[in-house]
Amino acid sequence: GNALGLTALSGGVASLAQASLAAGAHYFSASYFPAPDADGNVNFAASASDPVVMAGGKRATSLSLGSAPASTAYGQTVTLTISLGPVPPPGVAAPDGQVMFQEAGVTYGAALVAGGTAALSIQSLSAGTHSITAVYSGDTLWLSATATATVTVNRAATTTSLSSSINASGQAVLTALVRPPPG
């Protein structure tokens, strides 16, 4: 690898600050090269540390949002599913945290991210076209991201039946019954 710099040892400790690290995993190790004492003797052997991994900066996050089904009827369940990317390189943790599902200031709920995905099922969408936004707030390694999906909710079907009868006064009585379909 590349040497970042040299620094003096003081009391058995040496520190080197790095101004910034590019996004991603960075592997570091330290090497000790002994200097001769005042008499020209080298009393200690050279040594090197095991490598350590540090994550630099936050990584760009992509977010996709889908709904199943994309078109449904009022009262039916819609499942919103997100996928976060990209797949992290070795040594870097996958994105975690939670995703909020919102529309025009209304929050439908939140879901925890696991394995780069999260899902939320909702049944409370009114009839009409909905533009739902998933908001991932990011974590210590990954930037925030948003995605939007359109869900169409059609009016629920109804059935109307009419019955007639004669009441005790001899009047005709018509009764209409309106119901949603069974199921």
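Before any of the text, the structure's been laid out above.
Scope of this entry: the structure provided in the associated data block. Since we're looking at a predicted model, the values are computed, not measured. (Residues numbered from 1 in each chain as written. Predicted model: local features only at pLDDT ≥ 70, side-chain atom pairs only at ≥ 80, totals over all residues. Heavy atoms only, no water.)

**Re the pairing of strand β14 (residues 172-179)**
Here's step 1: Among the eight residues in β14, zero count as buried, and that is only a small part of the element.
Here's step 2: Turn length for the strand β13 (residues 159-166)-β14 hairpin, with the two strands adjacent in sequence and antiparallel, is five residues, and the turn residue G170 shows positive phi of about 85°. (Buried < 20%, exposed > 50% of the residue type's maximum accessible area, 1.4 Å probe, protein only. Helix = DSSP H or I, 4+ residues; strand = E, 2+ residues; numbered from the N terminus. Pairing = 2+ DSSP bridges.)

**Focus on the environment of T79**
Here's step 1: Mapped onto the elements of the fold, T79 is located in strand β7 (residues 78-85).
Here's step 2: Residues within four places of T79 in sequence aside, it is in contact with G66, S67, A68, A119, L120 and S121.
Here's step 3: A polar atom in the side chain of T79 sits 2.9 Å from the side chain of S121. (Contact = heavy atoms within 4.5 Å. Polar contact = N/O pair within 3.5 Å; in protein donor to acceptor, adjacent residues only side chain to side chain.)

**Topic: the side chain of E103**
Here's step 1: Tracing the sequence through the fold places E103 in strand β8 (residues 98-103).
Here's step 2: Although E103 is buried, it forms no salt bridge, and the closest oppositely charged side chain is R155 at an N-O distance of 16 Å.
Here's step 3: Within the local environment of E103, its side chain forms a polar contact with the backbone nitrogen of S131, the two atoms lying 3.2 Å apart.
Here's step 4: Apart from residues no more than four positions distant in its own chain, E103 is found in contact with Y108, T129, H130, S131 and I132. (Lys, Arg positive; Asp, Glu negative; His and termini not counted. Salt bridge = Lys/Arg side-chain N within 4 Å of Asp/Glu carboxyl O.)

**Section: the sheet that holds strand β10 (residues 117-122)**
Here's step 1: Spatial ordering of the open sheet is given by β5-β7-β10, a layout of three strands whose pairing is antiparallel. Two strands lie at the open edges of the sheet, namely β5 (62-68) and β10, each paired on one side alone. Each strand of the sheet is rotated relative to its neighbour by a mean of 15°, with strand direction disregarded.
Here's step 2: Pairing between β5 and β7: seven bridges, direction antiparallel. Bridged to S64 within β7 is S83. (Axes fitted to C-alpha atoms, helices over the stretch in contact; angles between N-to-C directions.)

**Some details on the sheet that holds strand β6 (residues 71-73)**
Here's step 1: In space, the five strands of this open sheet follow the order β6-β12-β11-β8-β9, with mixed pairing throughout. Looking at the sheet topology across the chains shown, the edges are occupied by β6 and β9 (106-112). Along the sheet, successive strands turn relative to each other by an average axial angle of 30°, direction set aside.
Here's step 2: By the bridge criterion, four bridges tie β8 to strand β11 (residues 128-136) in an arrangement that is antiparallel. Its bridge partner being in β11, V99 is matched across the sheet by Y136.

These results come straight from atomic positions and should not be treated as a statement about function.
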